[in-house]
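Single-letter residue listing:
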Amino acid sequence: MTSPAGPPSTGGRDDERRQRKLLAVTACPTGIAHTYMAAEKLAQAAASRGIEMKVETQGSIGAENVLDDNDVEEADGIIIAADKDVDLSRFAGKRVLMVGVAEGIHHPEQLIERVRSAPVHASDGAGGRAATASGGGGKERGPVYKALMNGVSYMIPFVVVGGLLIAVSLALGGHATSKGFVIPDGTFWAHVNAIGGIGFQLMIPILSGYIAYAIADRPALVPGMIGGWIANTGELYDSKAGAGFIGAIVTGFLAGYLVLWIKKVRVPKFVQPIMPIIVIPIVATTALGLFFIYVVGKPISWVFEHLTSWLGGMTGTSAILLGAILGLMIAFDMGGPVNKTAFLFGAGLIASGNQTVMGMCAAAIPVMPLGQGLATLIRRRLYTEQERETGLAALFMGCFGISEGAIPFAAARPAQVIPANMLGGAVAGAVAGLAGVKDAVPHGGPIVAVLGAVSGVPMFFVAVVIGAVVTAVTTVALVDVSGRRGSAGAAGSLSEGAGSEGAGMASAASSSAAGASTSSTAAAGLSSEAAGSASKGVGASSAAASSSSESDRTSSAAAGSSSESDRTSSEAARSSSESAGTSSGVVVPGQVSPAGSSSGSVLVSPDREAVTEGGRAEVLSGYLTGRTVKVGLQAGDKGAAIREMAELLGRSGRVGDVDELVATALRREEQGTTGLGEEIAIPHAKTDAVTAPVVGFARSDEGVEWGSLDGTKARLVFMIAVPEAAAGDEHLRILALLSRKLMDPGFRERLLAAQDERAVLDVLGEVG
């Protein structure tokens, strides 16, 4: 229990003493950089005022520094700086100020002042809504999308658990009969099957309930769940099939917005305490339930009856056409009225001796889960970790004819997944019809063929495989097309300077290859290191080195060096154009002479990685090294800058496909800018275009327009790339480290003032 808010501030000394502990929650919908930047800024602002503050961060790696009941009990106010939904129920009775995450970054001092007079959050969430500040900033998905995804995320475990239990029980305890797969009553597998069936019964109400919950908080949960149950129970509105997951989506949104409307109704003060727990749930549940039964349910029943009659008139038509139509219907709503119409039509004809129609249905039934599961394997980067895990479960369910395995994908991306499902289902049904496949039991999927209920088994599997592949390829194409369309232009747009940079890198690579001896290889490696980020003078020096005589190439790169031991090292780094013309060695900027001080020398390790003697070889757990640092970013726009950064990462030898890395980073930008403000940008990508985690840094003198929240151009640009199979969320950990440290003005100033790559590495070494 949390204590109610105290009386309004009187401005007295006692009040000032009480107003010393604040809490905050920061969250960003697309990543964690903004999450940690806002947390750091708020903590700094509170500390500067002598105020104790604890900040909970809700990033992609989960909640950290979680606020407990004691924290809330002692708090004088809570600041919510978030661009996604945050559960406010634990803050009932406390002053709560809700703003966008950008406000936490740019105006933390103002938020600390404003929370003192913020509205008290009521138990029904009304106070929290009233405290929401307009113009909070930060790009985020719309409320409809967020509500839909909230429902899907809660539904997925029910689909997976229910589907897998049913599949296992059918495989190990089921027998093919004229009524389908039957498990003898009272057996162990019958009980397992019943438990799985409960999971399937609950998944539709869960989807509906948590859509409603995301819209209107806890009072909408009951009407949403009961509405979803009604939608899935066709008997309540005289239909042989419920409305399925599509009906659940409808009831979820209806319940959510109905509750929001009821909340706005003014009621007497004595009624207010029972509104969220009695009045709102009862009124909303009754209204929604009756509305669905009498208004929405009747058309569903009508559709079911007329589709059945229409299919009955098509039994004498082309088998290919009938199979395609049945496949379309089976794939459309996966358990809804259209699906059930086709399934029951095929099942009903088995008794009359026509098993061909059920054969068409049986081939189409597994296509949706198999196709969606296959899609998550074909293009893993398009899916979240949870979706990929759901995809594996969908593949398993598809083998047992459980089409519901594809529902989470259809609910999350209906515009892309449902058409792909329908196309694949139509192809499978048509192929089965053409081949005359027959099914003697009212069930589908490979399991019926394995257990001997299908005639024409080879063509049955051909139909299933073709349909699944069509579904997978179409899904991937539809999901990916918008991202590809948006990134194609930007990925190819490079400034002239960036083009020159690429040429310089190629030249350096040629120079590196020209060396014949061990010492020349080491020198060439350093030349390549330097040339990639050097001025024209350095490029000239590289060119001169590559065209020197054989004797020059076998000598040490360090000027004046002649001993054998000196051949294992070279004093090399980027030189100015003046020094490049007068020395065969590469001089570290800022040095009076290449031999003037040993502390400035650069050693070459066996793998030709530049390591500073007395300095830092690598930072951020070794992911950022001298090879991936550049003090002169030449690109003039975001697309060119991302390509230039990707090429910079390519120097590490950990990038297998620069173009794919660029495309992935640009797709991430479409979700929301990685320009964090304060002249900082941290583009990042998780892709198999890289073989190991790698981080790069570049500094732009002019700045690059990055769409940052504060309108500043990015001068400090970090790029993070990790492979899909990287253990844990390594890129998120790196993001968190960088985001926190970059909120230190002194750290940023030192980065901007660093004269060369070595100095940059020394500064970045502060990150850890």
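Quantities reported herein were computed from a predicted structural model and do not represent experimental measurements. Residue numbers here run from 1 along each chain, matching the order of that chain's written sequence. The model is predicted, so local features are restricted to residues of pLDDT at least 70 and side-chain atom pairs to those at 80 or more, both for listing and for counting; the totals for chains, interfaces and linings are taken over all residues. The basis for the side-chain values is all heavy atoms of the structure; hydrogens and waters are excluded.

Draft legend 1. Region of interest: the overall build of the protein. Secondary structure is summarised from DSSP: a helix means a run of H or I of at least four residues, a strand means a run of E of at least two, and numbering begins at the N terminus for each. Secondary structure assignment for the protein yields 30 helices and 19 strands. The contact criterion used throughout is that any non-hydrogen atoms of two residues lie within 4.5 Å. A fraction of 71% describes how many contacts in the protein between residues 6 or more apart in sequence connect residues 24 or more apart.

Draft legend 2. Looking closely at the environment of Leu 709. With respect to the helices and strands, Leu 709 occurs in the loop between β18 (694-704) and β19 (714-722). The exposure class of Leu 709 is partly exposed, given its relative accessible area of 28%. Along the backbone, Leu 709 and Ala 102 are 607 residues apart, and their C-alpha atoms lie at a distance of 6.6 Å. Throughout this description, buried means an accessible area under 20% of the type-specific maximum (1.4 Å probe, protein chains only), exposed means over 50%, and partly exposed covers the range between.

Draft legend 3. Summary view of the side chain of Ser 208. With respect to the element layout, Ser 208 can be found in helix α8 (residues 188-216). By relative accessible area, Ser 208 is classed as buried at 0%. A distance of 3.2 Å separates the side chain of Ser 208 from the backbone nitrogen of Gly 252, its partner in a polar contact. Those residues within four positions of Ser 208 in sequence are excluded, and the remaining contacts are Gly 224, Gly 227, Gly 228, Ala 248, Thr 251 and Gly 252. As used in this structure description, the phrase polar contact means that two N or O atoms lie within 3.5 Å; if the pair is within protein, one of them must be able to donate a hydrogen and the other to accept it, and residues adjacent in sequence are counted only when both atoms belong to side chains.

Draft legend 4. Inspection of α8 at higher detail. Expected span of a helix, by definition, is 1.5 Å for each gap between consecutive residues, and there is one gap fewer than residues. For α8, spanning 29 residues, the distance from its first C-alpha to its last is 42 Å, which sits close to the expected 42 Å at 1.5 Å a residue. A residue's bend is the angle separating two fitted axes: one through the seven residues that end there, the other through the seven that start there. Maximum bend of α8: about 30 degrees, positioned at Met 203, with proline Pro 205 one to four residues after it. At the C-terminal side of α8, Asp 217 shows a positive phi close to 65 degrees.

Draft legend 5. Fine view of the packing of helix α29 (residues 745-753) against helix α30 (residues 757-764). At a closest axis distance of 9 Å, the pairing of α29 and α30 adopts a crossing angle of 165 degrees. Classified by the interaxial angle, the pair formed by α29 and α30 is roughly antiparallel. For the element pair α29 and α30, the recorded crossing hand is left-handed. Taking contact as the criterion, the partners of Phe 747, Arg 750 and Leu 751 in α29 are, on α30, Val 760, Val 763 and Leu 764. We call Asp, Glu, Lys and Arg charged. Ala, Val, Leu, Ile, Met, Phe, Trp, Tyr, Cys and Pro are nonpolar, and the rest, Gly among them, are polar. The residue inventory of the contact of α29 with α30, partitioned by class, reads five nonpolar, no polar and one charged. Fitted lines through C-alpha atoms serve as axes, helices being fitted only where they are in contact, and the angles separating the N-to-C directions of these axes extend from 0 to 180 degrees. Each angle is binned into one of four classes, with values under 35 degrees roughly parallel, values over 145 roughly antiparallel, values of 65 to 115 roughly perpendicular, and all other values oblique. For a crossing to be left-handed, the near helix must be turned anticlockwise from the far one by less than a right angle; the clockwise case is right-handed.

Draft legend 6. View of the pairing of β19. Counting buried residues in β19 gives eight out of nine residues, a clear majority hidden from the surface. Judged from the two bridges that link them, strand β16 (residues 680-681) and β19 form a sheet pairing that is parallel. Bridge pairing links Ala 681 to Val 717 in β19. Here strand β17 (residues 684-686) pairs with β19 via three bridges, running parallel. Looking across to β19, one finds that Ala 685 is bridged to Ala 721. The rule for pairing is simple: two strands pair if DSSP sees at least two bridges between them.

Draft legend 7. Here's a closer look at the packing of aromatic side chains. For Phe, Tyr and Trp, where Trp contributes only its six-membered ring, two rings pair if their centres lie within 6.5 Å, and the inter-plane angle classes them as stacked under 30 degrees, edge-to-face over 60, or tilted in between. Counted by the stated rule, this structure contains seven aromatic pairs. Taken together, a centroid distance of 4.8 Å and an interplanar angle of 45 degrees make the contact between Phe 697 and Phe 718 tilted. Separated by 21 residues along the polypeptide, Phe 697 in strand β18 and Phe 718 in strand β19 bring together distant segments of the chain. For the residue pair Phe 697 and Phe 718, the accessibility class agrees, reading buried in each case.

Draft legend 8. Spotlight on the pattern of salt bridges. By definition, a salt bridge exists where a carboxyl oxygen of Asp or Glu is found within 4 Å of a side-chain nitrogen of Lys or Arg. Under the definition given, this model contains 15 salt bridges. A salt bridge links Glu 644 to Lys 630, with the nearest nitrogen and oxygen atoms 2.7 Å apart. Placement of Glu 644 in helix α26 (residues 638-650) and of Lys 630 in strand β14 (residues 629-630) is noted, with a sequence separation of 14 residues between them. Like Lys 630, Glu 644 is buried. Residues Lys 741 and Glu 766 are paired through a salt bridge, measuring 3.9 Å at the closest nitrogen-oxygen approach. With a gap of 25 residues between them, Lys 741 in helix α28 (residues 730-741) and Glu 766 in the segment after α30 connect regions that are remote in the sequence. On the accessibility criterion, Lys 741 (23% relative accessible area) is partly exposed. On the basis of relative accessibility, which here comes to 35%, the residue Glu 766 falls in the partly exposed class. Within the structure, one salt-bridge network assembled from shared partners comprises Lys 21, Glu 52, Lys 54, Asp 71 and Glu 74.

Draft legend 9. Seen up close, the nonpolar core. Put simply, buried Ala, Val, Leu, Ile, Met, Phe, Trp, Tyr and Cys residues joined by side-chain atoms within 4.5 Å make one nonpolar core. Grouped together as the largest cluster of nonpolar side chains are 92 residues, with contacts concentrated most on Leu 207, Ile 211, Phe 245, Ile 249, Leu 326 and Phe 460. Setting aside residues up to four positions removed in sequence, Leu 207 forms contacts with Gly 151, Val 152, Met 155, Phe 245, Ala 248 and Ile 249. In terms of nonpolar packing, the next biggest core, distinct from the first, is built from 32 residues, Val 631, Val 695, Leu 716 and Leu 738 among them.

Draft legend 10. Region of interest: the confidence of the model for the protein. Mean pLDDT for the protein: 74, with 72% of residues reaching 70 or above. The pLDDT value tells you how sure the predictor is about a given residue, anywhere from 0 up to 100. Confidence drops under pLDDT 50 across residues 1-18; counting only partners more than four residues distant or on other chains, this segment forms 20 contacts. This stretch, residues 125-140, has a pLDDT under 50; its non-local contacts, to residues over four places away or in other chains, come to 41 contacts.

Draft legend 11. Structural view of the pairing of strand β1 (residues 21-27). Burial runs high along β1: seven of the seven residues are buried. Because side chains alternate across β1, one face comprises the buried residues Lys 21, Leu 23, Val 25 and Ala 27, and the other comprises Leu 22, Ala 24 and Thr 26, equally buried. Of the strand pairs in this sheet, β1 and strand β4 (residues 77-82) are connected by six bridges, and their pairing is parallel. The residue bridging Ala 27 from the neighbouring strand is Ala 82, located in β4.

Draft legend 12. Main features of the packing of helix α15 (residues 367-378) against helix α16 (residues 385-399). Two elements in contact, α15 and α16, have axes separated by 7 Å at closest approach and are oriented at 145 degrees. Where α15 crosses over α16, the two elements pack in a sense that is left-handed. Between α15, through Pro 369, Leu 370, Gly 373, Leu 374, Thr 376 and Leu 377, and α16, the contact on the second element is made entirely by Glu 387, Arg 388, Gly 391, Leu 392, Ala 394, Leu 395, Gly 398 and Cys 399.

Draft legend 13. Spatial organisation of unusual backbone geometry. Phi is positive for Asp 217, close to 65 degrees, though the residue is something other than glycine. Relative to the assigned elements, Asp 217 resides in the loop between α8 and α9 (221-231). Located in the positive-phi region is Glu 679, a residue other than glycine, with phi close to 65 degrees. Mapped onto the elements, Glu 679 comes out in the loop between β15 (675-677) and β16. Residue Glu 679 is classed as partly exposed on the basis of its relative accessible area, which comes to 28%.

Draft legend 14. Looking closely at a nonpolar patch on the surface. Patch membership is restricted to residues that have no salt bridge and whose relative accessible area is over 30%. Joining uses 9 Å for like charges and 5 Å for the nonpolar side chains Val, Leu, Ile, Met, Phe, Trp and Tyr. For accessible areas, the Shrake-Rupley method is used with a probe of radius 1.4 Å. Any residue's cover is judged against the shown protein chains and nothing else. Taken together, the side chains of Val 250, Leu 254, Leu 290, Phe 291, Tyr 294 and Val 295 define a hydrophobic patch exposed on the protein surface, amounting to about 540 Å² of accessible area. For the nonpolar patch, the elements supplying multiple residues, two or more each, are α10 (244-263) and α11 (275-312). The biggest single contributor to the nonpolar patch is α11, with four residues. Within the element layout of this structure, Leu 254 appears in helix α10.

Draft legend 15. Structural view of α15. For α15, with 12 residues, the first-to-last C-alpha span of 16 Å sits near the 16 Å given by 1.5 Å per residue. Most of α15 sits inside the fold, with nine of its 12 residues counted as buried. Here α15 has its buried residues at Val 367, Met 368, Pro 369, Leu 370, Gly 371, Gln 372, Gly 373, Ala 375 and Thr 376.

Draft legend 16. Layout of the side chain of Thr 664. Following the sequence through the fold, Thr 664 ends up in helix α27 (residues 658-671). A relative accessible area of 9% means that Thr 664 is categorised as buried. Residues in contact with Thr 664, not counting those within four places in the same chain, are Arg 381, Ala 685, Lys 686 and Thr 687.

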